Amino acid sequence: MYVSILAVPVTTRTGEQSQKFVIYRDITDRKRAEERLRESEARFQAMADTAPVLIWMTGTDGLCNYFNKPWLEFTGRTLEQEVGTGWIEGVHPDDRQGCFDGFLPAFQARTPFRMEYRLRRADGEYRWVTESGIPRYTGAGEFAGYIGSNIDVTDLKRAVEERETLRQLQAEVAHINRVTTMGELAASITHEIRQPIAAAYTDAKVLLAMAGARSA
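Source: prediction; values computed, not measured. Per-chain numbering applies: the sequence of each chain, read as written, is numbered from 1 onward. Local features in this predicted model are restricted to residues of pLDDT 70 or higher, and side-chain atom pairs are both shown and tallied only at a pLDDT of 80 or more, whereas totals for entire chains, interfaces and linings draw on every residue. With hydrogens and water excluded, all non-hydrogen atoms of the structure serve as input to the side-chain values.

Caption draft 1: Highlighting the overall build of the protein. By the criteria applied, helices consist of DSSP H or I runs no shorter than four residues and strands consist of E runs no shorter than two, each listed in order from the N terminus. Within the protein one finds five helices and seven strands. Taken across its 216 residues, the protein has 24% of its residues classed as buried. Should any heavy atoms of two residues lie within 4.5 Å, those residues are considered in contact. Residue pairs at least 24 apart in sequence account for 39% of intrachain contacts in the protein once pairs closer than 6 positions are excluded. Accessible surface area values rest on a Shrake-Rupley calculation with a 1.4 Å probe, where residue burial reflects the displayed protein chains alone. When the accessible surface of the protein is totalled, it reaches about 15,200 Å², and 57% of it is carbon and sulfur. Exposed residues in this analysis have more than 50% of their type's maximum accessible area, buried residues have under 20%, and partly exposed residues fall in between, with area computed by a 1.4 Å probe over protein chains only.

Laid out in structure tokens, this is it:
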């Protein structure tokens, strides 16, 4: 058993200690709950630091108070630099207002949110990330802040852009092929039409010449 001890001396009016009360209280359940909490936090820390995503948490004030190891490695900054609103320094200047506009209304309404913005990597390159966040609660149902994750989607966005560019090129090539085919078809039709017309014209000239000769 875990116990807490509270000793209270009892003194007389003259200030002399006459006796002492000692109170023992069973705190086993509380200590076990604290141990479970520590074990849970340790497991979360281990999982978060090996996860393939960037993880963050906020307190009830909306300020970030935790970033996992992959986040810190990605940004090349320390936890002390990132907590609070420090992480905003790594967001592309053109995307900062969008971050506030995406997070604050959801935070006030206690609803999940999702948004995209550019985050500066340790090498200085801005990478597109998709951020998702959800409210978290204590076992008693009290709001405890938000937890969220970020995924680097830069390569995916580039692949989508490249596919779209390729699609447009294919459409242009198909259009050119159609135009070329129509041109070739028109030339072929023109040739096919001109040939009998030319033959008919020649025949007509011959007939006219023969008619002229007979009349003479």
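Caption draft 2: Looking closely at the pattern of salt bridges. Whenever a carboxyl oxygen of Asp or Glu lies within 4 Å of a side-chain nitrogen of Lys or Arg, that contact is scored as a salt bridge. Evaluated as defined, the whole model comprises ten salt bridges. In this structure, Lys157 engages Glu116 in a salt bridge whose closest nitrogen and oxygen atoms are separated by 3.4 Å. Note that Lys157 is positioned in helix α5 (residues 154-215) and Glu116 in strand β5 (residues 113-120), a separation of 41 residues in sequence. By relative accessible area, Lys157 is classed as partly exposed at 25%. One salt bridge connects Glu125 with Arg127, and the closest N-O pair in it is separated by 3.2 Å.

Caption draft 3: Summary view of the pairing of strand β3 (residues 54-58). Most of β3 is tucked away, with five of its five residues classed as buried. Side chains Leu54, Trp56 and Thr58 project from β3 onto one buried face, and the interleaved Ile55 and Met57 project onto a second face that is buried too. Strand pairing is assigned whenever DSSP identifies at least 2 bridges connecting the two strands. By the bridge criterion, four bridges tie β3 to strand β7 (residues 143-152) in an arrangement that is antiparallel. Considered in β7, the bridge of Ile55 is made with Ser149. Where β3 lies against strand β4 (residues 64-67), three bridges are found, and the strand directions are antiparallel. Its bridge partner being in β4, Trp56 is matched across the sheet by Phe67. Two successive antiparallel strands, β3 and β4, enclose a turn made up of five residues, where Gly62 displays a positive phi of approximately 85 degrees.

Caption draft 4: Just the sheet that holds β3, in detail. Sheet architecture is open: five strands sit in the order β4-β3-β7-β6-β5, paired in antiparallel fashion. If you trace the sheet from one side to the other, it starts and ends with β4 and β5, each paired once. Averaged over neighbouring strand pairs, the angle between their axes works out to 30 degrees when direction is ignored. Where helix α4 (residues 96-109) meets the sheet, it contacts β3, β5 and β7, and its direction lies at approximately 150 degrees from that of β5. Angles run from 0 to 180 degrees between N-to-C directions of axes, and those axes are lines fitted to C-alpha atoms, restricted for helices to the stretch in contact.

Caption draft 5: Looking closely at the nonpolar core. Counting 20 residues, the largest nonpolar core has Trp71, Trp87, Tyr117, Leu119 and Tyr146 as the members making the most contacts within it. Those elements that provide at least two residues to this core are β3, β4, α2 (69-75), α4, β5 and β7. Remark: nonpolar core denotes a set of buried residues (Ala, Val, Leu, Ile, Met, Phe, Trp, Tyr, Cys) joined through side-chain atoms within 4.5 Å. Counting residues in each nonpolar core, the second largest holds five residues, with Ala48, Ala51, Ile55 and Tyr66 among its members.

Caption draft 6: Just unusual backbone geometry, in detail. One non-glycine residue, Arg110, lies in positive phi territory at about 60 degrees. Note that Arg110 resides in the loop between α4 and β5. Owing to a relative accessible area of 34%, Arg110 belongs among the partly exposed residues under this scheme.

Caption draft 7: Representation of the side chain of Thr130 in the model. Here Thr130 shows up in strand β6 (residues 126-137). Take Thr130: its relative accessible area is 9%, and that puts it in the buried class. Any pair of nitrogen or oxygen atoms within 3.5 Å is treated as a polar contact; in protein, a donor-acceptor pairing is required on top of that, and neighbouring residues in sequence qualify only through side-chain atoms on both sides. Here Glu116 takes part through its side chain, which lies 3.3 Å from a polar atom of the side chain of Thr130. Look past the residues within four positions of Thr130 in its chain and what remains in contact with it is Arg114, Met115, Glu116, Ser149, Asn150, Ile151 and Val153.

By themselves, these observations are geometric and do not establish any function.
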